[in-house]
Amino acid sequence: MTTQGAINLGDFTHDWEEEQDSKRVAELIQAYNERYGVAPDFVARAPGRINLIGEHTDYNGGFVLPVAINRTMLIAARAVTLPGRQLELCSRDYDAGISLSLD
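Residues numbered from 1 in each chain as written. Predicted model: local features only at pLDDT ≥ 70, side-chain atom pairs only at ≥ 80, totals over all residues. Heavy atoms only, no water.

Chemist: Can you break down the overall build of the chain residue by residue, with the values?
Modeler: Per the secondary structure count, the chain includes one helix and four strands. Residues counted as buried form 16% of the 103 residues belonging to the chain. Of all intrachain contacts in the chain linking residues separated by at least 6 positions in sequence, the fraction that spans at least 24 positions is 52%. About 8,100 Å² of surface is accessible on the chain, with carbon and sulfur atoms providing 53% of the total. (Helix = DSSP H or I, 4+ residues; strand = E, 2+ residues; numbered from the N terminus. Buried < 20%, exposed > 50% of the residue type's maximum accessible area, 1.4 Å probe, protein only. Contact = heavy atoms within 4.5 Å. Areas by Shrake-Rupley, 256 points an atom, 1.4 Å probe, with all protein chains shown as cover.)

Chemist: Break down the layout of surface pockets for me, citing the residues and quoting the values.
Modeler: What the largest pocket holds in volume is close to 1,100 Å³. Around the largest pocket sit 31 residues that line it, and Tyr32, Ile75, Ala76, Leu89 and Cys90 are the ones nearest its centre. If you list the elements that add at least two residues to the lining of the largest pocket, you get helix H1 (15–36), strand E2 (66–77) and strand E3 (86–91). With seven residues, the top contributor of residues to the lining of the largest pocket is H1. Residue classes in the lining of the largest pocket are distributed as 18 nonpolar, four polar and nine charged. (1 Å grid on protein atoms, 1.4 Å probe; cavity = no way out; pocket = protein on both sides within 12 Å on 5 of 7 lines; lining within 4 Å. Points joined across faces, edges and corners; volume = space filled by probe spheres on them. Nonpolar A, V, L, I, M, F, W, Y, C, P; charged D, E, K, R; others polar.)

Chemist: Please set out the nonpolar core residue by residue, giving values where relevant.
Modeler: Counting residues in each nonpolar core, the largest one holds seven residues, listed as Val25, Leu28, Ile29, Tyr32, Val43, Leu74 and Ala76. Breaking this core down by element, the ones donating at least two residues are H1 and E2. A total of four residues in this core trace back to one element, the largest contributor, which is H1. Sequence-distant contacts of tyrosine 32, defined by excluding residues within four places in its chain, comprise Gly37, Val38, Ala39, Pro40, Ala76, Ala77 and Arg78. (Core = buried A, V, L, I, M, F, W, Y, C linked by side-chain atoms within 4.5 Å.)

Chemist: Before we move on, could you go through the pairing of strand E4 (residues 96–101) and cite the residues and values that matter?
Modeler: The side chains of a regular strand alternate, first on one face of the sheet and then on the other. Here six bridges tie E3 to E4, and the two strands are oriented antiparallel to one another. Counted as the bridge partner of leucine 89 is isoleucine 98 from E4. Where E3 folds back onto E4 in an antiparallel hairpin, the turn is made up of four residues, including aspartate 95, whose phi is positive at roughly 45°. (Pairing = 2+ DSSP bridges.)

Chemist: Can you tell me about the pattern of salt bridges, naming the residues and giving the values?
Modeler: If you walk through the whole model with that rule in mind, you get four salt bridges. We note a salt bridge from lysine 23 to glutamate 27, for which the minimum N-O separation is 4.0 Å. With lysine 23 and glutamate 27 both in helix H1 and four residues apart, this pair spans about one turn of that helix. Linking glutamate 88 and arginine 35 is a salt bridge whose minimum nitrogen-to-oxygen distance equals 3.8 Å. With glutamate 88 in strand E3 and arginine 35 in helix H1, the pair connects residues that are 53 residues apart, well separated along the chain. Judged by its relative accessible area of 39%, glutamate 88 falls in the partly exposed class. (Salt bridge = Lys/Arg side-chain N within 4 Å of Asp/Glu carboxyl O.)

This is the structure:
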């Protein structure tokens, strides 16, 4: 299924992740469309990570060992022209949203 704004997750995921993430992307695009009445311009995916050693030590010259885990975060976004400089954020998991002024 090709949906405007969707990304091809097959380019950078394992087969066992692709089906789950593709479903999540489709659900996110649908939720975005329901909330805003249009499809997002893009969907971004970021892998989860943990630090096996070192927490807030890298910027103090210490050692860290971050490791990717099998959790991801998806973000759908669209650039629009609104009165004023506004940023609107919402979370599907928490069913909450906020509007912020960028001025």
